[in-house]
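Structural description and commentary
One letter stands for each residue in the lines below.
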Amino acid sequence: METFAAPPPSESKPESPLLPAVLLGPAAFLWLWALPIGVLLLLNFQAWWLVEGNLNATQRSDALFFGAGNVVNLLAGCAIYFVIKWRDNTTATTRRERQPWWGVPALLVQIGYLWWAVAWADRILPPSVTAWIYPTERHLFNQFAFAMLPMFLGILRLAATRAPKKAGRALVLNLAFAIGGPIALYLFMVAVSDFRGSHAITGILFATGMVSFGVVMFVGIVRVLMLGLRSAQRWGSTGERVAIVLFAAILPLGGLLLNRSIPFPVDFQAWEIYALVLANAALLLLASVKHEQWPRLSFYLLSATFPFSLYFFIVFLPYTPLSILAVIVMGAGFLVLSPIFLFVLHLHALHRSRSNPAIRGNELRVTLTGVLCALLLPAFFTARGLADKTALNAALDHVYSPAITGENLTYPASLTNLRRALHSHRSYKNGIYYPLLSDFYSWLVFDNLVLPDDKLDRLEQVFFGSAGTRLNTDPTRSGLKAWGNKRSVRERAHMPRTAATPRTVSVSQLQLKNSPAVGGDVVTTFVLTLQNNGEAPAEFLQKLPLPSGVFVSGFRLHINGQPVPGRLFEKKTALWVYTMIRDSERRDPGLLYYNTRDELELRVFPVNANAYVIVEIDFLHPATARAPDLSPGSNEPAARLAEIGRALRPHVTGDWHELAVAGLNAGEFPPVEREPYLHLIVDRSLDNAYTADLSWVMATLREKFPRARLGRVTLANHDVVDLATQLVPLDDLATKITAESLENLPASGGLALDLCLARAIRQHRDLDLDRFKPGGDLPGTPIFVILSRHALARTLDLGLTENWRDLLPGLDLCEFGADGTFRTHLQATGPCPLIRLGGAMRPLATRLPVRFPSADSNDLPFYWSPKNSAWEPVPDAKRQNGTAWSRAVALQLEEQDHGRNPGDHRLDRKALVTASRENGILLPVTSYIVVENQAQWRMLELSERQKLDQNAALDFRETPAPPAVWLGGGLLLWLGYRRMRRSSRVAPDCPAHAL
């Protein structure tokens, strides 16, 4: 009987590694170590460039040494990449899956680097820097955000490179590590607390124990998680779905509930977060259910939801070293690790789905589609941000930077889109601060500037009739303060506040010095000696009314006995920097800027108790027959400026485009009473629209304004439309303009009163003042009457109108309601002189130069004499061109044009700031500022570039947002690149490798 030999026992096939191949190859060290550390090196270099001027020699040396450590960290990652690459190329088979210890260098290098970053933070960042230029929190966040990626790679390789031979024993052992790490750290802390050594040694021991036991806990947790997911595969789909319910739903929801009591790292209590957690878990379950039936759909669903898991992984990754303390402090602290659990689960599900044999042969197409699915959520967020930016900028331009022309003013964009954008931005400001996402939104929409609450309120009032609430009404939000006490975008954008600074500084001595300027002009230098008579450091604040034809051409602040020249910067930038230095550093800034168009404001801080500070201001003006008196006199700089104003004589300057007369003193000319006319502004806002015809109100208006015979009519809500442009007798207005004609502008939104008044004053200039007829009547002056349903008490925000006020003797504004109510909002103080040049007339109502359309080259100004009922020449007037002073007048007119008509002018703010700086002439759009060191000057330059590139209505955030969003973008790009690269190498008949 023939016998058969027993078949040889089959060799046990080793299990594949717990990690996908993409994390086992040498490229992982290049992309997850060298790349983030390289980005961190660039950020640290940027910080060095910003602050090095504020460092002393020791701090500069320490900072350079720390930068060298950053370079060593980068080179270490590159070196390990090349070593592993060389080993793989010199061996017959790749042994990388059997080399878990390559994770040890990644751990040790990053632990050492982060310990160094924390220990040396105070050494390389002095308080003068961290107060506002480069906060310590931003420095540490950058270091941890980027260094934790290679550290996490090291933990992954240690925990999941090799599959164990006995999974049960390995599961128990690593579970003991995960649980025992916090217990061992607690016992270690008790032992260290009894140590009687120095605090430095105790701190080192505590940090060492926290890091060591933290690594043990993390290795145990990750390995238990990976082994559990591997075992769940053997149980079939049920095990995977149980893991999804646990790690994608139960633990994240538990973490969010814990976040209500402990808002760490920030407050995530918004209903959208809860909804996204449930949606993510549901899609993960759907992908698991359809894995075998529809493998591609499963992969696409996992790809589409991956950015959600990745986002929370990146947000919490910098704070994971603190999680072991959270476990010790409270038992539920392990929920802080929920994002890591979810991220590992999602990676595992993607790896399993991508390895499905049904996808073979179409790897490239599937990978590209998966990348597109992964971009859906970021693309939606970006598209919504861009739509918000378009609608909000159009609204800002319409309200704050309009083109004031003779045409009707209408909002050019969609009100529906604007309503959604304003609601979105209101929610953004009221809502939870989402790390990275809120910063990305702010950068995308406003380049890290902020739309202030008052301007957001005004946009809502103008376009929709009422402002929204500043309170967060989200039902899930807790009442606790977030970590760092800054929960919302509004709080994070808020300027620092200190107690009101004392104002005990006065001018103890004032000296005047005259010196010649180019072209025969004169520079009068005011040397102010400031003395603090109080007992605490105080701020000097002085308003200086500026006479017509006098300009600031220089500013110096004495620091340590030396005059430091001021530099010209964009006005809001300089004000922001001054405030930050004053309230944060309490150093030596000085600031000079236009408070209004004919008034300066000087600020200096601090002036120490019983100390003196010297300030010098150069005032440019034309040479006059009566030079300013330099003899000792009043120490009040405003009074001495008024003396210069009275000494100046009228000068005409300009070119073919426009002429200006400076040096006019209203006190030297008689006031002129002119006949008023009524400019009716019919309110067409949604809630207060005037709907009746005009006939029944005319009798009342004629009784209140008996001298008015003529009138114009304009319809206004958020748009401005004329009904009667030319002056029409009031009786004709009553019969010609009916209730039906008011429908030319349907009732909508609120009332853009500032737009309407600015345009009405321009009409007054173009149609009345610029049409002089010899022997004709003097042009009338307008009284603005709002017709509405009910005369309301209004908050008058008339910034644009103020730029046109020099064309009126005063602003008369009242309101008449259809219900019979009457209210006076503004009332002019009285008549003023009237000046004529060529065929145009202007009131002498401000201290600004009086401007006219170009006239004959020989024309000189005249004033109206009520006594003689005739035009008489202005005495001592002469023309002057081609000097520094005439150029200053031209710059002031260009800046005023921009302020009057910001949406339609040949010079924008950036060009005006550049022209102001090149000529050394202070303009209302700029400020002279002196700061103490190079770091502050650089911050001024960076902030100015940021400010000038954006809408003028936006304001600064307190500090720039950390750019850690690059982490997520870089990781996504790398994964997509690896998928496409590996797919392109796989032949159609070859089995697809794991990701």
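What counts and how
- Per chain, residues are indexed from 1 in the order of the written sequence.
- The predicted origin of the model limits local features to residues at a pLDDT of at least 70 and limits the giving and counting of side-chain atom pairs to 80 or more, whereas totals for whole chains, interfaces and linings rest on all residues.
- Heavy atoms from the whole structure form the basis of all side-chain values; hydrogens and water molecules are not counted.
- By the criteria applied, helices consist of DSSP H or I runs no shorter than four residues and strands consist of E runs no shorter than two, each listed in order from the N terminus.
- Take the residue count of a helix, subtract one, and multiply by 1.5 Å to get its expected span.
- Throughout, the bend at a residue refers to the angle made by two axes, fitted to the seven residues ending there and to the seven starting there.
- Only protein chains enter the area calculation, which uses a 1.4 Å probe; residues under 20% of their type maximum are buried, those over 50% are exposed, and those in between are partly exposed.
- Only rings of Phe, Tyr and Trp enter the pairing, Trp through its six-membered ring, and a pair is recorded when the two centres are within 6.5 Å. The plane angle decides the type: under 30 degrees is stacked, over 60 is edge-to-face, the rest tilted.
- Strand pairing is defined by DSSP finding a minimum of two bridges between the two strands.
- Contact criterion: two residues are considered in contact whenever any of their non-hydrogen atoms come within 4.5 Å of each other.
- Nonpolar side chains (Val, Leu, Ile, Met, Phe, Trp, Tyr) are joined into patches within 5 Å and like charges within 9 Å, using only residues with over 30% relative accessible area and no salt bridge.
- Using the Shrake-Rupley algorithm and a 1.4 Å probe, accessible areas are obtained, with residue cover drawn only from the displayed protein chains.
- Only one rule defines a salt bridge in this text: a Lys or Arg side-chain nitrogen within 4 Å of an Asp or Glu carboxyl oxygen.
- Inter-axis angles, ranging from 0 to 180 degrees, are taken between N-to-C directions of lines fitted to C-alpha atoms, where helices are fitted over the stretch in contact.
- Any angle from 65 to 115 degrees is called roughly perpendicular, while one under 35 is roughly parallel, one over 145 is roughly antiparallel, and all others are oblique.
- We call a crossing left-handed when the near helix sits turned anticlockwise from the far one by less than a right angle, and right-handed when that turn is clockwise.
- Residues were grouped as follows: Ala, Val, Leu, Ile, Met, Phe, Trp, Tyr, Cys and Pro as nonpolar; Asp, Glu, Lys and Arg as charged; and all remaining residues, including Gly, as polar.

Let us now look at unusual backbone geometry. Cis geometry marks the peptide bond from F605 to P606, where omega comes out at -10°. With respect to the helices and strands, the residue P606 is situated in strand 9 (residues 599-607). A positive phi angle, close to 55°, is found at N560, a residue other than glycine. The backbone of D876 shows a phi angle near 65°, a positive value even though the residue is not glycine. In this structure, D876 sits in the loop between strand 23 (870-873) and strand 24 (878-879).

The subject of this paragraph is helix 11 (residues 295-316). Over its 22 residues, helix 11 runs 31 Å from end to end, which matches the ideal 32 Å to within 8%, given 1.5 Å per residue. At T305, helix 11 is bent by approximately 40°, the largest bend along its length, and proline P307 sits one to four residues beyond. Extensive coverage of helix 11 is indicated by the burial of 19 of its 22 residues.

In this structure the tally under the stated criterion is 23 aromatic pairs. Geometrically, the ring pair formed by W116 and W120 is edge-to-face, given 5.4 Å between the ring centres and 85° between the ring planes. There is no split in this pair, since W116 and W120 are both buried. Geometrically, the ring pair formed by F526 and F619 is edge-to-face, given 4.8 Å between the ring centres and 70° between the ring planes.

Here the focus is the pairing of strand 10 (residues 612-621). Judged by how many residues are buried, strand 10 sits mostly within the fold: eight of ten residues are covered. Bridge count for strand 3 (residues 522-532) against strand 10 is ten bridges, and the pairing is antiparallel. Looking across to strand 10, one finds that V527 is bridged to E616.

This part covers the pairing of strand 2 (residues 505-516). Direction of pairing for strand 2 relative to strand 3: antiparallel, over a ladder of eleven bridges. Within strand 3, the residue paired with Q511 across the bridge is V527. As consecutive antiparallel partners, strand 2 and strand 3 are separated by five residues, and within that stretch G519 has a phi angle of approximately 85°, a positive value.

Inspection of the secondary structure puts L541 in strand 4 (residues 538-545). Classification of L541 as partly exposed rests on a relative accessible area of 27%. In this structure, the C-alpha to C-alpha distance between L541 and L591, residues 50 residues apart in sequence, is 9.6 Å. Once you skip the residues sitting within four places of it in the chain, L541 turns out to touch R503, E601, L602 and R603.

This part covers a nonpolar patch on the surface. On the surface, a nonpolar cluster with roughly 560 Å² of combined accessible area is contributed by L175, I179, I183, Y186, L187 and V190. Tracing the chain through its elements places I183 in helix 7 (residues 167-193).

Here T781 shows up in strand 16 (residues 781-788). If sequence neighbours within four positions are ignored, T781 has contacts with R674, E675, P676, Y677, H764 and P809.

The residue H718 is located in the loop between strand 14 (710-716) and strand 15 (720-729) in this model. By relative accessible area, H718 is classed as buried at 5%. When residues no more than four places from it in sequence are discounted, the contact partners of H718 are H398, L415, V462, F463, S748, G749, G750, A752 and L755.

The five strands are arranged 4-9-8-25-7 in an open sheet whose pairing can be described as antiparallel. Looking at strand neighbours, the two that pair on one side only are strand 4 and strand 7 (567-570), the edges of this open sheet. Ignoring which end each strand starts from, the neighbouring axes of this sheet average 25° apart. Strands strand 7 and strand 25 (926-930) of the sheet are contacted by helix 28 (residues 934-948), whose axis makes an angle of about 35° with strand 7.

Further remarks concern the packing of helix 16 (residues 415-430) against helix 18 (residues 453-464). At a minimum axis separation of 11 Å, helix 16 and helix 18 run at an interaxial angle of 150°. Looking at the two axes, helix 16 sits roughly antiparallel to helix 18. With respect to the hand of their crossing, helix 16 and helix 18 are arranged in left-handed fashion. Of helix 18, the residues touching helix 16 (which contributes L415, L418, R419, L422, H425, R426 and K429) are D453, L456, D457, L459, E460, F463 and F464. A breakdown of the residues in the contact of helix 16 with helix 18 according to their chemical character gives seven nonpolar, one polar and six charged.

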